[in-house]
Each structure stands twice: as C-alpha cells, then as structure tokens.
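One-letter residues, chain by chain:
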Amino acid sequence: MRLILLALAAGLFVPNALAQRLPLDRGTLQVGGTIGFARLGGDLQANADGSRTSAIVLDPRLGYFLADRLAIGTTFAYENTSSNVADSSILTIGPNVSYYFGREQHPFYPFVTALVGYSRASTDFATPEGPPPLEFRASGVALGASLGLLYMVSPSVGVTGEGFVQSSFYGSDAGVDSPTANRFGFRLGATVFLF
C-alpha cells in the first residue's frame, strides 16, 4: 500500500519537474532592440505646411518577466529628422510593461506594450543669412502604446514586428505654450530570452 501511495505522490510531482520552461515564464530576462520608421507630427515635428515628417527610430530594450507573460522593461528610444528648415531629435527614456498572449509553447505570441517616460526634444531651426540659428529645447512626459507579434526562431531567440503610437507633452520657455510631438509607425526587432 505504501508503495502505491509513494508512486502516486511521485506521479504528481514528476510532471512539474519535467515541465519545459517557456521564454515568457516568470523570472526570464529579455535583451534586444528594435529599429523602426515613424511619421512625426505635432508642434515640434510637423513641417511648416503642417505635413508630417519621417524619421528612423532606434530603441534598445531590456525586460524582466515579473509573472508568466507579463514583463516590465525599459525604453531608450532615439529618433532624428533633418530638413532644409530644421534638425530635430527626440530622446525618450522610461519604463514599459508588456503582456504576451498564449499559454502553450508555439512560435507566435501576440503582445501589447504601454509606455510612460521622460522625453527630451531638441530642434535647431536654420535661418538664411543674418541671425544665428534658433535653438529650441524642451522636456516633458511621453505616453505610448504598441501592438505586435513575437515569432520564436529558436527556444530562446525571437523576432518582433509591431505598430506603435506615442505622444509627448512638453513644457517650454521658447515662446511655444505646451508644445507637443506625436508619432506613429512600425518597427522590427530581435530579442534574446535568458532563462
């Protein structure tokens, strides 16, 4: 009888001991980054005629899974745009949180991400002949969200594609009351899961 009870008890614990860890499980570290294309608008980014400008956005990333499929991470995004009128750059730094959908091991995991961060904007306006160029500097709060898809190319490496939107709200003493910047676009990335 004892042998039967011992076998039943072992049968309850063996599946958990042999269960394969998934890259999205609690305790996993995520290291990667994205590169993307964005359309920029708002007070700081629109052209003189109100049309949007374009920029390449770089965003290295680091994350940690606090629970299965729920990760907290960092955003360190940089974008730059240049025209014959102005050179502009925006740096956004802050925490983000991501949730990945899917409970079983498979290659595709949809995900959503939200961001709240600090944003620093810098624009240098060209002036034809005469006075020196006008410089504009501002800092403020950035809010963003994205919807994407993770594709696992191996048990610990994945590639991502995602669409994103972001708005930044600045304070400034440069003669523009509460200037804003907004962007939307698409980015591709790669990530390594350390578990």
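Residues numbered from 1 in each chain as written. Predicted model: local features only at pLDDT ≥ 70, side-chain atom pairs only at ≥ 80, totals over all residues. Heavy atoms only, no water.

1. Here we look at the overall build of the protein
Item 1. The helix and strand inventory of the protein stands at one helix and eight strands.
Item 2. Here the protein holds 195 residues, and the buried ones make up 35% of them.
Item 3. Sequence separation of 24 or more characterises 59% of the internal contacts of the protein that already satisfy a separation of 6 or more. (Helix = DSSP H or I, 4+ residues; strand = E, 2+ residues; numbered from the N terminus. Buried < 20%, exposed > 50% of the residue type's maximum accessible area, 1.4 Å probe, protein only. Contact = heavy atoms within 4.5 Å.)

2. A short note on the pattern of salt bridges
Item 1. The full count for this structure, using the stated rule, is four salt bridges.
Item 2. Between glutamate 162 and arginine 61 there is a salt bridge; the shortest N-O distance is 3.0 Å. A residue pair is termed long-range when its members are at least 10 positions apart, and glutamate 162 in strand 7 (residues 157–171) and arginine 61 in strand 2 (residues 53–67) qualify at 101 residues.
Item 3. Classification of glutamate 162 by relative accessible area gives buried; the value is 1%.
Item 4. According to the relative accessible area criterion, arginine 61 is partly exposed, its value standing at 21%.
Item 5. One salt bridge in this structure joins arginine 183 and glutamate 79, with 2.8 Å as the shortest N-O distance. Taken together, the residues span a long stretch of sequence, with arginine 183 in strand 8 (residues 180–194) and glutamate 79 in strand 3 (residues 70–82) at a distance of 104 residues. (Salt bridge = Lys/Arg side-chain N within 4 Å of Asp/Glu carboxyl O.)

3. Some details on the nonpolar core
One recurring pattern in soluble globular proteins: nonpolar side chains tend to sit buried together.
Item 1. In this structure, Leu24, Phe65, Ala71, Tyr100, Tyr109, Phe111, Leu150, Met152 and Phe193 together form the largest nonpolar core, which totals nine residues.
Item 2. Contributions of two or more residues to this core are made by strand 5 (108–125) and strand 6 (134–152). (Core = buried A, V, L, I, M, F, W, Y, C linked by side-chain atoms within 4.5 Å.)

4. Some thoughts on the side chain of aspartate 59
Item 1. Structurally, aspartate 59 can be placed in strand 2.
Item 2. Relative accessible area serves as the criterion here: at 3%, aspartate 59 is assigned to the buried category.
Item 3. Looking at aspartate 59, its side chain comes within polar contact range of the side chain of arginine 61, at 3.2 Å.
Item 4. For aspartate 59, the contacting residues outside a window of four places in its chain are Gly33, Thr34, Thr75, Phe76, Ala77 and Arg187. (Polar contact = N/O pair within 3.5 Å; in protein donor to acceptor, adjacent residues only side chain to side chain.)

5. Side note on the pairing of strand 4 (residues 86–100)
Item 1. Bridging between strand 3 and strand 4 involves 13 bridges; their strand directions are antiparallel. Residue pairing in the sheet places threonine 74 in a bridge with proline 95 of strand 4.
Item 2. Across 13 bridges, the pairing between strand 4 and strand 5 is antiparallel. Note on strand 5: the bridge partner recorded for leucine 91 is arginine 120. (Pairing = 2+ DSSP bridges.)

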